Amino acid sequence: MIPRGAVGRKEDCERGLTWIKPSFLWMMYRCGWGTRPGQETVLAVGISRSGFEWALRHACLSSNLRGVHADRSTWQRQVKRAPARVQWDPERDLHLRPLPYRSLQLGLSGEAVRRYADEWTVNISDVTPLARDIHTLVSDGDLDSAAQLLPQERLYPAGVELLTHLHP
């Protein structure tokens with residue numbers, strides 16, 4: 001399986017971060033179904049498993065959490081050195097309301113952005129029409145039809161060693 005995600009906002013890129021959002025509905029929440037200014041096009045970016053796992057192995061959490069990091073300065077050193085950051089945001093339902101479980105968001109900087117662009121990306125597809133079709137069905141109250149159009153997403157089969165350092 002090739003992880004699929006979407007590139008984040010322009011503002012994040014200007015701060016040196018490119019975000020991979022592997023959840024379709026989380027991305028729809030973020031871009032307002034492709035209707036927010038500057039976010040009218042939604043791209044699905046397929047990346048190699050080896051690239052995705054490299055980013056996870058070299059990532060740190062995007063925020064300092066008591067009990068995970070020894071102290072704030074240790075976390076700050078990790079963030080400064082790490083080419084990737086992970087944050088866990090609430091997954092979304094078809095109405096884009098938060099669900100009781102979280103989805104991984106993967107922020108890339110420096111070396112990871114270069115690898116993403118030059119090595120890991122295997123395909124890019126415009127899913128804007130799909131986003132609009134699903135949004136129309138949700139707006140019309142046809143949730144069953146909307147759900148059938150959603151891209152199939154499965155739990156990523158990552159071993160414990162790949163995510164241990166990324167759990168809050």
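Quantities reported herein were computed from a predicted structural model and do not represent experimental measurements.

*Asks:* Break down the pairing of strand S6 (residues 98-108) for me, citing the residues and quoting the values.
*Replies:* Relative to S6, strand S2 (residues 18-20) is paired through three bridges, and the arrangement is antiparallel. Within S6, the position partnered with Trp-19 by the bridge is Gly-107. As defined by bridge partners, strand S5 (residues 84-92) adjoins S6 across eight bridges and the pair is classed as antiparallel. By the bridge assignment, Ala-84 is partnered in S6 with Leu-108. The hairpin formed by S5 and S6 contains five residues between the paired strands, and Leu-96 there has a positive phi angle of roughly 65°.

*Asks:* Requested: an account of the packing of aromatic side chains, with residues and values cited.
*Replies:* Evaluation of the coordinates by the stated rule reveals three aromatic pairs. Aromatic pair Trp-54 and Trp-120: ring centres 5.5 Å apart, planes at 50°, arrangement tilted. Linking Trp-54 in helix H3 (residues 49-57) with Trp-120 in helix H5 (residues 111-120), this pair joins segments that are 66 residues apart in sequence. According to the relative accessible area criterion, Trp-120 is buried, its value standing at 4%. Residue placement shows Arg-92 over the ring face of Tyr-29; its charged tip is 3.6 Å from the ring centre.

*Asks:* Give a detailed account of the nonpolar core, specifying residues and quantitative values.
*Replies:* By size, the foremost hydrophobic cluster in this structure holds 21 residues, and its most contacted members are Leu-56, Val-86, Leu-104, Leu-106, Leu-108 and Trp-120. Going through the elements one at a time, strand S3 (43-47), H3, strand S4 (59-61), S5, S6, H5 and helix H8 (160-163) are the ones with two or more residues in this core. The greatest single-element share of this core, amounting to four residues, is contributed by H3. Leave out the neighbours within four places in its chain, and Leu-56 touches Val-86, Leu-104, Leu-106, Leu-162, Leu-163, His-165 and Leu-166. Listed in part, the 16 residues of the second largest apolar core include Met-28, Cys-31, Ile-134 and Leu-137.

Conventions we followed
- Residues numbered from 1 in each chain as written.
- Predicted model: local features only at pLDDT ≥ 70, side-chain atom pairs only at ≥ 80, totals over all residues.
- Heavy atoms only, no water.
- Pairing = 2+ DSSP bridges.
- Helix = DSSP H or I, 4+ residues; strand = E, 2+ residues; numbered from the N terminus.
- Phe/Tyr/Trp six-rings, centres within 6.5 Å; stacked < 30°, edge-to-face > 60°.
- Buried < 20%, exposed > 50% of the residue type's maximum accessible area, 1.4 Å probe, protein only.
- Lys NZ or Arg CZ within 6 Å of the ring centre and 35° of its normal.
- Core = buried A, V, L, I, M, F, W, Y, C linked by side-chain atoms within 4.5 Å.
- Contact = heavy atoms within 4.5 Å.

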